Amino acid sequence: MLKEDIQNRIDKNYNFKFNQNAQNLELYPYFNEVSTASSPVIKVNGANMLNFGSNNYLGLTTHEKVLSESIASLKKYGSGVTGSRLLNGTLDVHKKLENKIANFYNKEASLVFPTGYTTNLGLLSSLLTSEDIAIIDAQIHASVYDGLRQARCTIRSFKHNNIEDLEKTIMSCKIKPTVCVVEGLYSMFGDAGNIKAICGICEKYSITLIVDEAHSVGVLGNKGRGAAELQQVMDKVDVFTITFSKSLGSCGGAIVGPKKIIEFVKVNAKPFLFTAGNTPASLTSALTCLNLLDANPSFIKELHQKKDFLIALLKEKGITPLSKDGPIISLALGNDDQVITTWKKLMDKRVFCNPVLFPAVKKGKGLIRLSIMRTHTIEQLKLLVSSLESVIQSNTI
Ligand SMILES: Cc1ncc(COP(=O)(O)O)c(C=O)c1O
């Protein structure tokens, strides 16, 4: 038996109640079991489905070279490093990857973390204090919020991608904000950050700009470095954070920027120091994916061709995505019931995608989030659109 105080807390929790109700109604959209690699077709709960629910934008998680190099790494270094980077958990592969990332971004240094989440958490919680003000886009990822909360700094958000509101927010601060944190490509609406204009504002007020390119690495810019590259302001961004868990087909993350910041974070960030280093195979997967991306900028073009094809087809059918900037194709659906019903109908048609519900978005602003992979075939994209068309038609009947 649970003690009464814990029992009450759990029973009152919104997410817990939602999960219980949805499970009872057999409309539970989360924790589906996938029993194959992340490919355009995956097995979900035992059934083959078209996969429009991954962040494997370049389709590299199953690339032959990624697999062979990662297997060799597993054999050479074993399955885990069994300790903190500070002590026994730094491999030569960490160093190779950090050098590669720093060179790729043309910055002084880089530091690899076990996840993208701990990358933002470690950077922000160590760099800032309760005396700082951090300015963030209203749509910023939870890892940024959590890092700022851990730093106990004052958090001021500006309207999503709204440059006038950014400047108004800065001007309303009693002291000069220390950092501004934004994203290269936002994961809910799929739109690119207005990095060029934000650089101008940060320069004007002398604010350190941090851009999280988690979803834009491998997706935006000629070399796939993200939104800042696409908008030709790489040198104006002070620090980038990236994750390996999307286009870089692995798990982990990194900060890339001035050596002094990297050296500071390295000896102060608790989410870096008090956790074990990345597994060897995951480091090698990320390194191999980055090398592949560097050698094959055509991958990015191929992804955008698929995306443009899909958007044109959707438009023909009267379906308008929220953004056409990248491979995240979000469709505005409405309230949670409408989103879940649509998601379930798509699952019944063997289309796997992600529902986005409150509290991830405002009440009544739920989304169906589709993500495209470079390796989807035109035929698969056509199948997606015909499934969507019939599901959306049936919703309105
Ligand atoms: C913008 C952003 N930053 C950081 C993260 C965390 O990355 P990871 O899942 O690799 O920990 C995510 C994850 O979705 C993200 O969207």
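Residues numbered from 1 in each chain as written. Predicted model: local features only at pLDDT ≥ 70, side-chain atom pairs only at ≥ 80, totals over all residues.

Asks: What exactly am I supposed to notice about the domain arrangement of the protein chain here?
Replies: The parts lose accessible area when they come together, and the size of an interface is often stated as this lost area. Each domain of the protein chain was delimited in the assignment, giving domain 1 (13-51 + 298-396) and domain 2 (63-295). Once you take the C-alpha centre of each, domain 1 and domain 2 turn out to be 27 Å apart. At the interface, 15 residues of domain 1 touch 14 residues of domain 2. When residues of the side of domain 1 that touches domain 2 are traced back to their parent elements, those giving at least two are helix 13 (298-316) and strand 10 (328-334). (Domains from an automatic or database assignment. Contact = placed C-beta atoms within 7 Å. Helix = DSSP H or I, 4+ residues; strand = E, 2+ residues; numbered from the N terminus.)

Asks: Would you mind going over the pairing of strand 6 (residues 179-183) with me for this structure?
Replies: Successive residues of a regular strand alternate their side chains across the two faces of the sheet. Among the five residues that make up strand 6, five are buried, leaving the element largely enclosed by the rest of the structure. Across the two faces of strand 6 the burial is the same, with Val 179, Val 181 and Glu 183 and Cys 180 and Val 182 all buried. Examined bridge by bridge, strand 4 (residues 133-137) and strand 6 share three bridges and lie parallel to one another. Looking at the pairing, Ile 136 lines up with Val 181 of strand 6. As paired strands, strand 6 and strand 7 (residues 208-212) are joined by five bridges and run parallel to one another. (Buried ≥ 20, exposed ≤ 12 C-beta atoms within 10 Å, placed from the backbone. Pairing = 2+ DSSP bridges.)

Asks: Is there a simple way to think about helix 7 (residues 163-171) in this case?
Replies: Working note: α-helix, 3.6 residues per turn, so residues spaced by three or four point in the same direction. Here helix 7 has its buried residues at Leu 166, Thr 169 and Ile 170. The buried residues of helix 7 occupy one face: seen down the axis, they fall within an arc of 100 degrees. For helix 7, exposure combined with an orientation more than 90 degrees from the buried face picks out Glu 164, Lys 168 and Met 171. On its buried face, helix 7 sits against strand 4, strand 5 (154-158) and helix 8 (195-205). (Arc of directions from axis to C-beta.)

Asks: Just checking my understanding: could you explain the site of the ligand for this structure?
Replies: Near the ligand lie 14 residues; those nearest to it are Thr 115, Gly 116, Ala 214, Thr 243 and Ser 245. Among the elements that make up the shell around the ligand, the one with the highest residue count is helix 5 (residues 116-127) (three residues). For the shell around the ligand, the residue count by class is two nonpolar, ten polar and two charged. (Near = placed C-beta within 6 Å. Nonpolar A, V, L, I, M, F, W, Y, C, P; charged D, E, K, R; others polar.)

Asks: Just to check I follow, could you spell out the UniProt feature "domain: Aminotransferase class I/classII large" (unreviewed entry) in the protein chain for this structure?
Replies: Mapped onto the present numbering, the UniProt feature "domain: Aminotransferase class I/classII large" (unreviewed entry) falls on residues 48-387. Split by type, residues 48-387 is 43% helix and 17% strand. Its first and last C-alpha atoms lie 15 Å apart. (UniProt positions renumbered as here; feature names shortened; annotations may be inferred.)

Asks: Just to check I follow, could you spell out the sheet that holds strand 5 for this structure?
Replies: Pairing between the strands of a sheet comes from backbone hydrogen bonds, and it takes one of two forms, parallel or antiparallel. In spatial order, the strands read 3-9-8-7-6-4-5; together these seven strands make up an open sheet with mixed pairing. Sheet topology places strand 3 (109-113) and strand 5 at the edges, where each strand pairs with a single neighbour. Sheet twist, expressed as the average angle between the axes of neighbouring strands with direction ignored, equals 20 degrees. In the packing of helix 7 onto the sheet, the strands contacted are strand 4 and strand 5, and the crossing angle to strand 5 comes to about 150 degrees. (Axes fitted to C-alpha atoms, helices over the stretch in contact; angles between N-to-C directions.)

Asks: Where do I start with the pairing of strand 2 (residues 47-51) in this structure?
Replies: Taken together, the four bridges between strand 1 (residues 41-44) and strand 2 define a ladder with antiparallel strand orientation. Considered in strand 2, the bridge of Val 41 is made with Leu 50. In this structure, the hairpin formed by strand 1 and strand 2 is closed by a connection of two residues, where Asn 45 is found at a positive phi of approximately 50 degrees. Two elements, strand 2 and strand 11 (residues 351-352), share two bridges in a ladder whose sense is parallel. Bridging across to strand 11, Leu 50 finds its partner in Val 351.

Asks: Even after reading the chapter, I still don't get the environment of Asp 348, so can you show me in this structure?
Replies: In this fold, Asp 348 is placed in helix 14 (residues 336-348). Once the C-alpha coordinates of Asp 348 and Thr 118 are considered, the two residues, 230 residues apart in sequence, prove to be 36 Å apart.

Asks: Any chance you could explain the sheet that holds strand 11 here in plain terms?
Replies: With mixed pairing, three strands are arranged side by side in an open sheet as 1-2-11. Edge positions in the sheet fall to strand 1 and strand 11, since each has one partner strand and no second.

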